[in-house]
Amino acid sequence: MPVSPAAASAAPPSPASPASPADGRTGERSLLRRTLARPEIGALIAAVGVYLFFFAVAPSFREAGSLATVLYQASVMGIMALPVALLMIGGEFDLSAGVAVTTSALTASMFSFQLSMNVWTGVVVALVVSLAVGALNGYLLIKTGLPSFLITLATFLMLQGLNLAVTKIFTGNVATDSISDMEGFDQARKLFASEIGIGGVQLKVTVLWWLGFAALATWVLLRTKFGNWTFAVGGNADSARAVGVPVNLTKIALFMAVGFGAWFTGMHLLFSFNAVQSGEGVGNEFLYIIAAVIGGCLLTGGYGSAIGSVIGAFIFGMVSQGIVYANWNPDWFKFFLGVMLLIATLVNLWVRRTATRR
């Protein structure tokens, strides 16, 4: 029997409701939250703010040469901040990182000078010593079960004492002798401390090394098993061990990565100034940690990124040089660095809460 139009209009609606048209807002929110969940996004926001601030108050900050200087300051800090950040993601600290840089430079300088050998011999010996210090820190951490804070604090004190005592024994003062006239110095200087002209601006080679190391560290964290192991041991070492992650090997490797960073930075220090002061490096370990924390690394481990430490080091470079370009008293540097640390930490906290808010 045919259905009348009136009856059809009075018929109950179908149980299956028609799909609502997609307006794209749900996808956009999801993308925004995924972006905000990145560890380095808070540091990026802070970096933009710092750059705009000094761009406005310091006219000389806007010059290309000034940017090259900022990048150099950031690279020297950032080369060490990278492995320190990886170690923090793995749930550990290294308070000996600052003096380990000086130990590396002193070893290469004195070994080459005192034995009248090619400086490359000292460079290789310094690499072995730096890796051994990192391996020792990791080994003691595993065998004793003590917090890495205590283990590396002890290493810090021992290296600080050795740096001063051994330097005085061999040189009679607190600094090493110049090695600038020794065989192999010029070649090593080109590798560790040269300058490259780009667009009429002299850029330190450490900037290129820094960016290269950052790319490598990012690839390791995001594309390799070792990167997964690093996040796992930092999040929960016992759970990671239960699923087959080599926790001990991972932690030792991370400490050795810090040793490698100390070696490279120490070589830059040596071949930039030809000689080394034995008391240098004290306190720098906190700057490395600050750069990593500003970059989004958690003190509890299991969270962070290599790119974040790059941005954190860049903020350090901008603040340290921006104060100079603004003609402010440099005594305010540590104050501004503390402000940047606090602001970046609060921004990171806000970003994470925003990203996880339903």
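## What about the pattern of salt bridges?
Tallied over the full model, the rule gives three salt bridges. In this structure, the salt-bridge partner of E92 is K251, at a minimum N-O distance of 2.6 Å. With E92 in the loop between α4 (64–89) and α5 (97–114) and K251 in helix α12 (residues 247–273), the pair connects residues that are 159 residues apart, well separated along the chain. For the pair E92 and K251, a shared accessibility class is recorded, and that class is buried.

## Observations regarding the environment of A47
With respect to the helices and strands, A47 occurs in helix α3 (residues 41–57). Discounting chain neighbours no more than four positions away, the residues touching A47 are I311, I315 and M318.

## Comments concerning the packing of aromatic side chains
Evaluation of the coordinates by the stated rule reveals 19 aromatic pairs. Taking the centre distance of 5.5 Å and the plane angle of 55 degrees together, the rings of Y51 and F61 count as tilted. Separated by 10 residues along the polypeptide, Y51 in helix α3 and F61 in the loop between α3 and α4 bring together distant segments of the chain. Across from the ring centre of F55, 5.1 Å away, lies the NZ or CZ of R62, which sits over that ring.

## Points about the nonpolar core
General note: in soluble globular proteins, nonpolar side chains tend to be found buried as a group. In terms of nonpolar packing, the biggest core is built from 80 residues, with L82, F192, M267, F271, I315 and V319 touching the most fellow members. Those residues in contact with I315, other than ones at most four positions away along the chain, are A43, A46, A47, V50, I294 and M340.

## A look at empty space enclosed by the protein
Under the defined criterion, the tally for this structure stands at two cavities of 30 Å³ or more. Estimated volume of the largest cavity: approximately 80 Å³. Every residue lining the largest cavity is counted, 15 residues in all, and those nearest its centre are A100, S130, V133, G259 and A262. When contributions to the lining of the largest cavity are tallied by element, the ones reaching two or more residues are α5, α6 (119–144) and α12. Examining the composition of the lining of the largest cavity, we find that five residues originate from one element, α6, more than from any other. For the lining of the largest cavity, the per-class residue count stands at eight nonpolar, six polar and one charged. When its volume is computed, the second largest cavity comes out at roughly 30 Å³. Residue assignment for the lining of the second largest cavity shows that the elements contributing at least two residues are α4 and α12. Here the lining of the second largest cavity gets three residues from one element, more than from any other, and that element is α12.

## Quick notes on the layout of surface pockets
Empty space within the largest pocket amounts to approximately 450 Å³. V76, M77, L269, N284 and Y288 are the residues nearest the centre of the largest pocket, which is lined by 20 residues in total. Along the lines of polarity and charge, the residues of the lining of the largest pocket split into 10 nonpolar, eight polar and two charged. The calculated volume of the second largest pocket comes to roughly 380 Å³. L86, L216, A217, A257 and F260 are, among the 15 residues lining the second largest pocket, the residues nearest its centre. At the level of secondary structure, the elements contributing two or more residues to the lining of the second largest pocket comprise α4, α9 (205–223) and α12. With six residues, α12 is the largest single contributor of residues to the lining of the second largest pocket. Grouping the constituent residues of the lining of the second largest pocket by class yields 14 nonpolar, one polar and no charged.

## Some thoughts on the packing of helix α8 (residues 185–193) against α9
For any two helices packed against each other, the geometry comes down to the angle between their axes and how far apart the axes lie. At their nearest, the axes of α8 and α9 sit 7 Å apart, and the two run at 55 degrees to each other. When the axis of α8 is compared with that of α9, the two are oblique. On α9, the residues touching K190, L191, F192 and A193 of α8 are V205, T206 and W209. Across the contact of α8 with α9, the residue classes tally to five nonpolar, one polar and one charged.

## Points about the side chain of T250
For T250, the position within the fold is in helix α12. What T250 contacts, discounting residues up to four positions off in sequence, is F226, W229, T230, V233 and V245.

So, how was this worked out
Along each chain, numbering runs from 1 in the same order as the chain's sequence is written. Only residues with pLDDT of at least 70 are given local features in this predicted model, and only at 80 or more are side-chain atom pairs given and counted; all residues enter the totals for whole chains, interfaces and linings. No hydrogens and no water enter the side-chain calculation; it runs on all heavy atoms of the structure. Think of a salt bridge as a Lys or Arg side-chain nitrogen and an Asp or Glu carboxyl oxygen that are within 4 Å of each other. Each helix is a run of H or I in the DSSP string that is no shorter than four residues. Each strand is a run of E no shorter than two, and both are numbered from the N terminus. Any residue under 20% of the maximum accessible area for its type is buried, any over 50% is exposed, and the rest in between are partly exposed; the area is computed with a 1.4 Å probe on protein chains only. By definition, residues are in contact when any of their heavy atoms lie within 4.5 Å. Ring pairs are drawn from Phe, Tyr and Trp, using the six-membered ring of Trp, whenever the two centres fall within 6.5 Å, and their geometry is named by plane angle: stacked under 30 degrees, edge-to-face over 60, tilted for the rest. Our definition puts a charge over a ring when NZ of Lys or CZ of Arg is within 6 Å of the ring centre and also within 35 degrees of the ring normal. Among buried residues, those of type Ala, Val, Leu, Ile, Met, Phe, Trp, Tyr and Cys that are joined through side-chain atoms within 4.5 Å constitute a nonpolar core. Only protein atoms enter the 1 Å grid used here. Points where a 1.4 Å probe fits but cannot escape make up a cavity, open sets with protein on both sides within 12 Å along at least five of seven lines make up a pocket, and a residue lines them when an atom lies within 4 Å of a point. Grid points are joined across faces, edges and corners, and a volume is the space filled by probe spheres set on the points. Residues are sorted three ways: Asp, Glu, Lys and Arg are charged, Ala, Val, Leu, Ile, Met, Phe, Trp, Tyr, Cys and Pro are nonpolar, and all the rest, Gly among them, are polar. The axes are straight lines fitted to the C-alpha atoms, using for helices just the contacting stretch, and the angles between their N-to-C directions are given from 0 to 180°. When describing relative orientation, an angle under 35 degrees is termed roughly parallel and one over 145 degrees roughly antiparallel, while 65 to 115 degrees is termed roughly perpendicular and anything else oblique.

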